[in-house]
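# Tertiary structure, described
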Amino acid sequence: MGGEPLMNFDLIREIVEWLSANPLSVPFICFASTNGTLLDDERMEWFRKYRNILWLGVSYDGSEYLQQINRGAKAGIVNFDYFHDVWPEQGFKLTIAKESLRCLAEVILDSQKKGYKIAASLAQGIDWSDDDAELYLEQLSLLSVAYLADNDLTPINILSRALYEIDNLPEYQHRFCGSGVYMITYDIDGKYYGCHMFSPIVMGEESALEISKIDWMCETIADDDRCKNCLLKSYCPTCMGLNYHFRGEVSKRDFRSCKMILAEAIASCKFQIKVLTTRRNSLIKEDAYYAQAALGAYPLLSELSIRNSISPYVMGKI
Ligand code: SF4
């Protein structure tokens, strides 16, 4: 949503202590994303006490420089070990920016070797260039080599995404998240939205009427007509909230990210096939499923190149 929740720590404390004293009859947790800069000893102790009710997800971009650029705060003043210790199951959120591409593999591997769980995703609204996409592919390849050499490292989410239906395009693009179906956001006035991204505090009051007309259950809600024949139409991630916010339609994707998604697909395909061939004796069921999808995608993806292919990535036009 933007903003730093811990700036309103007193309200968080009031809500959580009330919930703790008046437990609900349904399972619940409270969650907040934070840049981690507003924690002193007293707050750390308080969060630790209520760790089962309230989870904090910290944003982590690696070096001092990157943390400063992406979060406006120096990494040195954030105690990442504290977050890892209190909520070990909660991954750190790493946003991949242009400035982080050059050292991406190093940053991710350093963090994973410290035991941190990392969930990485591309920064949104960026005008990515071919050079960026080539550099990204290079860094993802370095990560693949490291994961294949060390079974104890968990491959980053980007390399583990299944290459769904690349060799068998579906009729329409599926939704990429549970917004409006498995997830609903209730605002303080009782009105509900697909997710928090559609609430007035994010989209503005003036969008409320149009948003209320969205048919969340519509099967083709995330289908972008321009991607109709793209080989990556099932693989390509999308955020309906950001699509609506920046392009006025929940299905309208940002084509400036296409080559970065292509880099992810090429790197993941090679990685997932190598997992199949190098770990034959220790494959789990999911590995085989992913590898099967990757094997189907390989002949098509190997025809594509970052520099020469233009999205949508259509066979015969490659
Ligand atoms: S890569 Fe580009 S053209 Fe292909 S599905 Fe994604 S947004 Fe559409």
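Up top is the structure these notes are about.
Conventions we followed
Residues numbered from 1 in each chain as written. Predicted model: local features only at pLDDT ≥ 70, side-chain atom pairs only at ≥ 80, totals over all residues. Heavy atoms only, no water. Near = heavy atom within 4 Å. Nonpolar A, V, L, I, M, F, W, Y, C, P; charged D, E, K, R; others polar. Core = buried A, V, L, I, M, F, W, Y, C linked by side-chain atoms within 4.5 Å. Buried < 20%, exposed > 50% of the residue type's maximum accessible area, 1.4 Å probe, protein only. Helix = DSSP H or I, 4+ residues; strand = E, 2+ residues; numbered from the N terminus. Domains from an automatic or database assignment. Contact = heavy atoms within 4.5 Å. Phe/Tyr/Trp six-rings, centres within 6.5 Å; stacked < 30°, edge-to-face > 60°. Lys NZ or Arg CZ within 6 Å of the ring centre and 35° of its normal. Disulfide = S-S within 2.5 Å. Axes fitted to C-alpha atoms, helices over the stretch in contact; angles between N-to-C directions. Parallel < 35°, antiparallel > 145°, perpendicular 65-115°, else oblique. Left-handed = near helix turned anticlockwise from the far one by under 90°. Salt bridge = Lys/Arg side-chain N within 4 Å of Asp/Glu carboxyl O. Patch = residues over 30% accessible without salt bridge, like charges linked within 9 Å, V, L, I, M, F, W, Y side chains within 5 Å. Areas by Shrake-Rupley, 256 points an atom, 1.4 Å probe, with all protein chains shown as cover. Lys, Arg positive; Asp, Glu negative; His and termini not counted. Charge placed at Lys NZ, Arg CZ, Asp CG, Glu CD. Polar contact = N/O pair within 3.5 Å; in protein donor to acceptor, adjacent residues only side chain to side chain.

The next subject is the site of the ligand. Gln173, Cys227, Cys230, Leu232, Lys233, Cys236, Arg253, Phe255, Cys258 and Pro312 make up every residue found near the ligand. Broken down by class, the residue content of the shell around the ligand amounts to 7 nonpolar, 1 polar and 2 charged.

Another aspect to go through is the nonpolar core. When a protein is soluble and globular, its nonpolar side chains tend to lie buried together. Judged by nonpolar contacts, the single largest core of 77 residues is most densely connected at Phe47, Tyr136, Leu232 and Leu301. It is helix α11 (residues 258-278) that contributes the most residues to this core, 12 residues altogether. In this structure, this core is formed jointly by two domains, domain 1 (5-123) and domain 2 (128-176 + 222-318), each of which donates at least three residues. Setting aside residues no more than four positions away along its own chain, Leu232 makes contact with Ile166, Ile261, Leu262, Ala265, Leu301 and Tyr313. Within the second largest apolar cluster, 15 residues are counted, among which are Tyr193, Met197, Met203 and Ala222.

Using the criterion set out here, one finds 18 aromatic pairs in the structure. Between the aromatic rings of Tyr186 and Tyr192, the centroid separation amounts to 5.6 Å while the plane-to-plane angle is 55 degrees, which identifies the pairing as tilted. A relative accessible area of 57% places Tyr186 in the exposed class. Chaining the aromatic ring pairs together yields one cluster made of Phe9, Trp46, Phe47, Tyr50, Tyr82, Phe83 and Trp87. Positioned above the aromatic ring of Tyr235 is the side chain of Arg161, whose terminal nitrogen or guanidinium carbon lies 4.2 Å from the ring centre. Across from the ring centre of Phe255, 4.2 Å away, lies the NZ or CZ of Arg226, which sits over that ring.

So, about the state of the cysteines. In this structure the tally under the stated criterion is 0 disulfides. Residue Cys269 stays outside any disulfide, its sulfur separated by 15 Å from that of Cys230, the closest cysteine.

At a closest axis distance of 9 Å, the pairing of helix α6 (residues 130-149) and α11 adopts a crossing angle of 20 degrees. The orientation of α6 with respect to α11, classified from their angle, is roughly parallel. Classified by chirality, the crossing of α11 by α6 is right-handed. Counting all contacts with α6, which are made through Asp130, Asp132, Ala133, Tyr136, Leu137, Leu140, Ser144, Tyr147 and Leu148, the residues of α11 involved are Lys259, Met260, Ala263, Glu264, Ile266, Ala267, Phe271, Lys274, Val275 and Thr278. Considering only residue class, the contact of α6 with α11 consists of 12 nonpolar, 2 polar and 5 charged.

Further remarks concern the pattern of salt bridges. Under the defined criterion, the tally for this structure stands at 12 salt bridges. For Glu264, the salt bridge is made with Arg161, and the minimal N-O distance between the two is 3.0 Å. Of this pair, Glu264 sits in helix α11 while Arg161 sits in the loop between α7 (157-160) and β5 (185-186), placing them 103 residues apart in sequence. The partner of Arg247 in a salt bridge is Asp254, with the nearest N and O atoms 3.9 Å apart. Arg247 gets classed as partly exposed once you look at its relative accessible area, which sits at 24%. It is possible to trace a salt-bridge network through shared partners that takes in Asp131, Glu134 and Arg307.

Looking now at a negative patch on the surface. A cluster of acidic side chains, namely Asp40, Asp41, Glu42 and Glu45, defines a negative patch on the protein surface. Inspection of the secondary structure assignment puts Asp41 in helix α2 (residues 41-49).

A separate point is the environment of Ser20. Mapped onto the elements, Ser20 comes out in helix α1 (residues 9-21). According to the relative accessible area criterion, Ser20 is partly exposed, its value standing at 34%. Separated by 255 residues in the primary sequence, Ser20 and Val275 have C-alpha atoms spaced 45 Å apart. Discounting residues that sit within four places of it in the chain, Ser20 has contacts with Tyr50 and Ile53.

Take the side chain of Arg161 next. Overall, Arg161 belongs to the buried group, its relative accessible area being 18%. Polar side-chain contacts of Arg161 include one of 3.4 Å to the backbone oxygen of Tyr235. Setting aside its immediate chain neighbours within four residues, Arg161 contacts Phe176, Tyr235, Pro237, Glu264, Gln272 and Tyr290.

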